[in-house]
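Read off the chains here:
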Amino acid sequence: MPTHADDPVHWHTLDAHQWRDAATQHGAVTGIRAALERIERRNDYLNAFTIILREESLSQAEKLDQLPADQRGPLHGVPVAIKDEVDVAGCVTSFGTSGNSTPRTEDSLIVQRLRAAGAIIIGKTAMPAFGAFPFTESQRFGITRNPVHPAHTPGGSSGGSAAAVADGMVPLAIGGDGGGSVRIPADHCGIVGLKPARGVVPSSPYEHLWYALGTAGPLARTVADVRLAYSVIAGDSAESYISDAEPPAPTPLRIGVSVRPLSPLTRLVRENRRAVRRASDILRSQGHTVTDIDLRHPDPAPAFLVQFFAGIRAEIAGLEHPRRIEARHRWTRVLGAWASGPVLRWALAWSERFGQRMERTFAEYDVLLTPTVAGRPRKAGVLTGKGLVGAGLASMPSVAYTAVWNVSGHPGLTVPMGLGEDGLPTSVQLIGSVGDREVAALVRAGEQLMRAEGAS
């Protein structure tokens, strides 16, 4: 597909708000053609997309261009990439495997909401099998690479979505987060990622995403874009947040800073610690009260592991061709047989109590500030030759600060904090309370950090 030299818009540089305005002025079709050209030119190497909806996205753009101005939605003409665990009508939902072969006949509820807001679904993105590990690599679709430095992984499991945004293929993508799978690739690719609170974003038509652990969430270049996407996919759940997210005279936030990882065996590297200190200084300079705290809590790993195994076993059970899964996940199915019945009920009840315990922290603090990950992005190909245990051990530095909030159900926002000495991104994680205004404080702190870093 040729690039139009007379196109005045550098589409790949636009965020979602800018893209919407450009699509309104220059036409949604023009923008989608530019996005498709970049995807087709870059995807063979980066491997962000597993499905590209060329004709469908252009047809949808043509219809949007015919709409009168008063019928155009908040994501008018914006191309959105969808992680391949979310149903898109006409596409196979692969879960990163060869286990399904029949295209879905209906969109998931969040895809319906995106379309109703004017978004254009341009394709589906790569993930590791069942989203099990924070490295986007699978036998079915191969290795996905980090646009910042292609020798490295974009993280996972929403690595295809993160790579597509970071490379400018699309300004907005949807991922899923059951243990850090939105926040980790946001960190590795230098973009913004939001894990909403438990139960806010629907998983329909699926009953759950790893039981109480998982939720869909947006990835974008700016906090404002993530906020907009969240308001769309959360629907009515976000209405109170949207209406008064920016009060005219905001009060200072109480921010607790914790660098304690999930496991005492995990080491926080120097560059990631520096990112937390720099974020602390920025937020303090904005008038917020920033306090170092020692966040102690019961070990959530047992409840996490039960739901991890039970969730993947449930996804395997729903496949058309379960025998086609990767060898390591044949072991997941066998070794996870215990994660059912009373054990699963215990894990769900424990997670609920743990969430209530962690919520008490927010009586004293409005926001918690932590590292997103403990280590630096690994070289691509991490999973090659590894079985279930080896892949799990390799994952520990990535999930040391994220998985706890999947067990508790609290929302988390990853905000980029520039590049480290190795030339790869650094970031911080902001954690907020659950409730009607669960994202408002995160958005406010995140936007202040990005403005200080020269973004928005």
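None of these values were measured; they are calculated from a predicted model.

A.B. asks: Explain the overall build of the protein chain to me, please; I cannot follow it from the model alone.
C.D. replies: Per the secondary structure count, the protein chain includes 15 helices and 13 strands. For the protein chain, the C-alpha radius of gyration of 20 Å lies close to 23 Å, the compact-globule estimate for 456 residues. The 456 residues of the protein chain split such that 59% are buried. Here the analysis covers contacts within the protein chain between residues at least 6 apart in sequence; of these, 77% occur between residues at least 24 apart. Averaging the locations of the 47 positively and 45 negatively charged side chains of the protein chain gives two centres separated by 8 Å.

A.B. asks: What's the story with unusual backbone geometry in this structure? I'm lost.
C.D. replies: Backbone geometry follows two general trends: most residues other than glycine have a negative phi, and most peptide bonds adopt the trans configuration. Look at the link from Gly156 to Ser157: it is a cis peptide, with omega at 10°. As for its placement among the helices and strands, Ser157 is situated in the loop between β5 (142–143) and α5 (159–166). Look at the link from Ser204 to Pro205: it is a cis peptide, with omega at 15°. Its identity is not glycine, yet Phe95 carries a phi of approximately 55°, on the positive side. A positive phi angle, close to 60°, is found at Phe130, a residue other than glycine. Secondary-structure assignment places Phe130 in the loop between β3 (120–125) and β4 (137–138).

A.B. asks: I keep staring at the packing of aromatic side chains and nothing clicks. Help me out?
C.D. replies: Two measures describe an aromatic ring pair: the distance that separates the ring centres and the angle between the ring planes. Per the stated rule, a full pass over the model turns up eight aromatic pairs. For the pair Phe308 and Phe309, a centre-to-centre distance of 5.3 Å together with 85° between the ring planes defines the contact as edge-to-face. With respect to class, Phe308 is no different from Phe309; both count as buried. Through a chain of ring-to-ring contacts, the aromatic side chains of Trp210, Phe304, Phe308, Phe309 and Trp338 assemble into a single cluster.

A.B. asks: Would you explain helix α2 (residues 28–46) in this entry?
C.D. replies: Because the α-helix completes a turn every 3.6 residues, residues three or four places apart line up on one side. When the terminal C-alpha atoms of α2 are compared, their 25 Å separation across 19 residues agrees well with the 27 Å that a helix rising 1.5 Å per residue should span. Its axis deflected by about 35° at Glu40, α2 carries its strongest bend there. Where α2 is buried, its residues meet α1 (16–26), β1 (49–52), α3 (54–65), β2 (79–83), β3 and β5. One or two steps after α2, the chain reaches Asn47, where phi turns positive at roughly 60°.

A.B. asks: For this particular structure, what's the right way to read empty space enclosed by the protein?
C.D. replies: Gaps between atoms show up when a probe of the same size as a water molecule is rolled over them. Tallied over the full model, the rule gives three cavities of 30 Å³ or more. Its boundaries defined by the atoms lining it, the largest cavity holds a volume of some 100 Å³. Tallied by class, the residues present in the lining of the largest cavity amount to seven nonpolar, three polar and one charged. For the second largest cavity, the calculated volume is near 50 Å³. Looking at the second largest cavity, the residues that line it are Lys83, Glu85, Phe130, Gly131, Ser157, Gly176, Asp177, Gly178, Ser181, Leu209 and Trp210. When its residues are assigned to classes, the lining of the second largest cavity shows three nonpolar, five polar and three charged.

A.B. asks: Just to check I follow, could you spell out the packing of helix α9 (residues 270–285) against helix α15 (residues 440–452) for this structure?
C.D. replies: Between two packed helices, both the angle of their axes relative to each other and the distance between the axes serve to describe the pair. Two numbers describe how α9 lies on α15: the axes approach to 10 Å, and their chain directions differ by 105°. Taken as axis vectors, α9 and α15 run roughly perpendicular relative to one another. Residues Ala279, Ile282 and Leu283 of α9 touch α15, and the partners they reach there are Ala445, Gln448, Leu449 and Ala452. Tallied by class, residues from the contact of α9 with α15 come to six nonpolar, one polar and no charged.

A.B. asks: Just to check I follow, could you spell out the sheet that holds β2 for this structure?
C.D. replies: To summarise the sheet geometry, strands pair through backbone hydrogen bonds and adopt either a parallel or an antiparallel arrangement. Taken in spatial order, the 11 strands make up an open sheet running β1-β3-β2-β6-β8-β7-β12-β13-β11-β9-β10, and their pairing is mixed. Every other strand in the sheet has two partners, leaving β1 and β10 (289–292) as the edge strands with one partner each. Within this sheet the neighbouring strands show an average axis-to-axis angle of 25°, counted without direction. The pairing of strand β9 (residues 254–257) with strand β11 (residues 367–371) spans three bridges and is parallel. Its bridge partner lying in β11, Val257 is registered against Leu369. Docked against the sheet, α2 engages β1, β2 and β3, running at close to 15° with respect to β3. Relative to strand β13 (residues 425–432), α9 is tilted by about 55°, and along the sheet it contacts β9, β10, β11, β12 (412–419) and β13.

A.B. asks: Even after reading the chapter, I still don't get the side chain of Ser231, so can you show me in this structure?
C.D. replies: As for its position among the elements, Ser231 is in helix α7 (residues 223–234). Of the polar contacts made by the side chain of Ser231, one reaches the backbone oxygen of Leu228; its length is 2.6 Å.

A.B. asks: Looking at this structure, how should I read the packing of helix α4 (residues 109–116) against α7?
C.D. replies: Axis separation between α4 and α7 bottoms out at 8 Å; the angle between their running directions is 120°. For the element pair α4 / α7, the angle class is oblique. In terms of crossing hand, the pair formed by α4 and α7 is right-handed. Facing α4, whose interface residues are Ile110, Arg113 and Leu114, α7 presents Val232, Ile233 and Ala234. In terms of residue class, the contact of α4 with α7 is made up of five nonpolar, no polar and one charged.

Cut-offs applied
- Residues numbered from 1 in each chain as written.
- Predicted model: local features only at pLDDT ≥ 70, side-chain atom pairs only at ≥ 80, totals over all residues.
- Heavy atoms only, no water.
- Helix = DSSP H or I, 4+ residues; strand = E, 2+ residues; numbered from the N terminus.
- Rg over C-alpha atoms; globule rule 2.2 N^0.38 Å.
- Buried < 20%, exposed > 50% of the residue type's maximum accessible area, 1.4 Å probe, protein only.
- Contact = heavy atoms within 4.5 Å.
- Lys, Arg positive; Asp, Glu negative; His and termini not counted.
- Charge placed at Lys NZ, Arg CZ, Asp CG, Glu CD.
- Phe/Tyr/Trp six-rings, centres within 6.5 Å; stacked < 30°, edge-to-face > 60°.
- Expected span 1.5 Å × (residues − 1).
- Bend = angle between axes of the 7 residues up to and from the residue.
- 1 Å grid on protein atoms, 1.4 Å probe; cavity = no way out; pocket = protein on both sides within 12 Å on 5 of 7 lines; lining within 4 Å.
- Points joined across faces, edges and corners; volume = space filled by probe spheres on them.
- Nonpolar A, V, L, I, M, F, W, Y, C, P; charged D, E, K, R; others polar.
- Axes fitted to C-alpha atoms, helices over the stretch in contact; angles between N-to-C directions.
- Parallel < 35°, antiparallel > 145°, perpendicular 65-115°, else oblique.
- Pairing = 2+ DSSP bridges.
- Polar contact = N/O pair within 3.5 Å; in protein donor to acceptor, adjacent residues only side chain to side chain.
- Left-handed = near helix turned anticlockwise from the far one by under 90°.

By themselves, these are just geometric observations and shouldn't be taken as functional.
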